[in-house]
Amino acid sequence: DGGITQSPKYLFRKEGQNVTLSCEQNLNHDAMYWYRQDPGQGLRLIYYSQIVNDFQKGDIAEGYSVSREKKESFPLTVTSAQKNPTAFYLCASSTREATYEQYFGPGTRLTVT
Amino acid sequence: GQQVMQIPQYQHVQEGEDFTTYCNSSTTLSNIQWYKQRPGGHPVFLIQLVKSGEVKKQKRLTFQFGEAKKNSSLHITATQTTDVGTYFCAGYTGANSKLTFGKGITLSVRP
């Protein structure tokens with residue numbers, strides 16, 4: 001069954017801790033994306049990667065880091081430098097060109113207190 | 001930078017009424033995509049429009065791309081409670097291979 005998985009669905013952390021969100025896809029897509037969703041803010045792009053071992057900053061990359069060591073995986077680390085980390089995080093993938101539809105994972109809701 | 005705007009952010013309709021929402025870009029788009037996110041869910045791709053003036057239909061949903069490729073509309077005929085959710089438009093300029101999403105419009109339908 002092809003798709004994108006994100007784990008965990010809910011994540012709780014204390015302020016000052018780094019946390020890594022998992023994203024795996026078996027769609028054989030080259031491109032992967034991380035978005036942050038806050039109420040009333042739509043989807044804001046954090047990082048994206050079009051090919052293994054390469055990634056670019058999106059619109060709100062500060063306080064986040066990513067890696068793309070495998071085609072199937074694109075983990076996102078929320079560092080302690082991110083001032084407002086509590087949010088709903090969505091991972092997506094697509095064929096290499098963004099002109100094609102993006103497939104989204106179920107999301108991870110991160111709460112930092 | 002490129003901006004994609006959707007106004008208003010919320011709309012409430014009575015079941016059976018028609019609904020239309022618009023999406024406007026500050027720059028000319030190569031294509032525009034529409035996504036739907038159900039409450040508690042994740043965005044799901046609905047449609048992509050590429051050509052100037054293009055119109056596509058999916059059952060009760062009609063999507064249109066403006067002649068200047070800077071705006072788009074979504075029209076739902078005879079809304080149903082299954083139409084509730086947030087509808088996002090997303091534009092691609094081709095400049096740097098990333099979509100720019102609007103803030104979305106959340107539709108509620110009174111039964």
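Everything below is about the structure printed above this text.
Throughout what follows, the structure given in this document is the object of discussion. The structure displayed is predicted, hence computed values, not measured ones. (Residues numbered from 1 in each chain as written. Chains lettered and ligands numbered in written order. Predicted model: local features only at pLDDT ≥ 70, side-chain atom pairs only at ≥ 80, totals over all residues. Heavy atoms only, no water.)

What follows covers the packing of aromatic side chains. For the structure on display, the rule yields 12 aromatic pairs over all chains. Here Y33(A) and Y48(A) contribute two aromatic rings whose centre-to-centre distance is 6.3 Å and whose plane-to-plane angle is 15°, an arrangement assigned as stacked. Taken as a pair, Y33(A) in strand β4 (residues 31-38) and Y48(A) in strand β5 (residues 42-51) lie far apart in primary sequence, 15 residues in all. The exposure class assigned to Y48(A) is buried, which follows from its relative accessible area of 6%. Each ring, one from F104(A) and one from F101(B), has its centre 6.2 Å from the other, and the planes form 80°; the classification is edge-to-face. With F104(A) in strand β10 (residues 103-104) and F101(B) in strand β10 (residues 100-101), this residue pair bridges two chains. A single burial state applies to F104(A) and to F101(B), both of which are buried. Taken together, the ring pairs connect Y33(A), Y35(A), Y48(A), F104(A), Y35(B), F45(B), F88(B) and F101(B) into an aromatic cluster. (Phe/Tyr/Trp six-rings, centres within 6.5 Å; stacked < 30°, edge-to-face > 60°. Helix = DSSP H or I, 4+ residues; strand = E, 2+ residues; numbered from the N terminus. Buried < 20%, exposed > 50% of the residue type's maximum accessible area, 1.4 Å probe, protein only.)

The next point concerns the state of the cysteines. Should the sulfur atoms of two cysteines be covalently bonded, the bond is a disulfide. Residue and element names in this part refer to chain A. Here the structure, examined in full by the defined rule, presents 2 disulfides over all chains. The disulfide partner of C23 is C91, and the S-S distance across this bridge is 1.9 Å. An S-S torsion of about -70° defines the bridge between C23 and C91 as left-handed. Here C23 is found in strand β3 (residues 19-25), whereas its partner C91 is found in strand β9 (residues 87-94), with 68 residues between them in sequence. Note on C23: relative accessible area 0%, which makes it buried. (Disulfide = S-S within 2.5 Å.)

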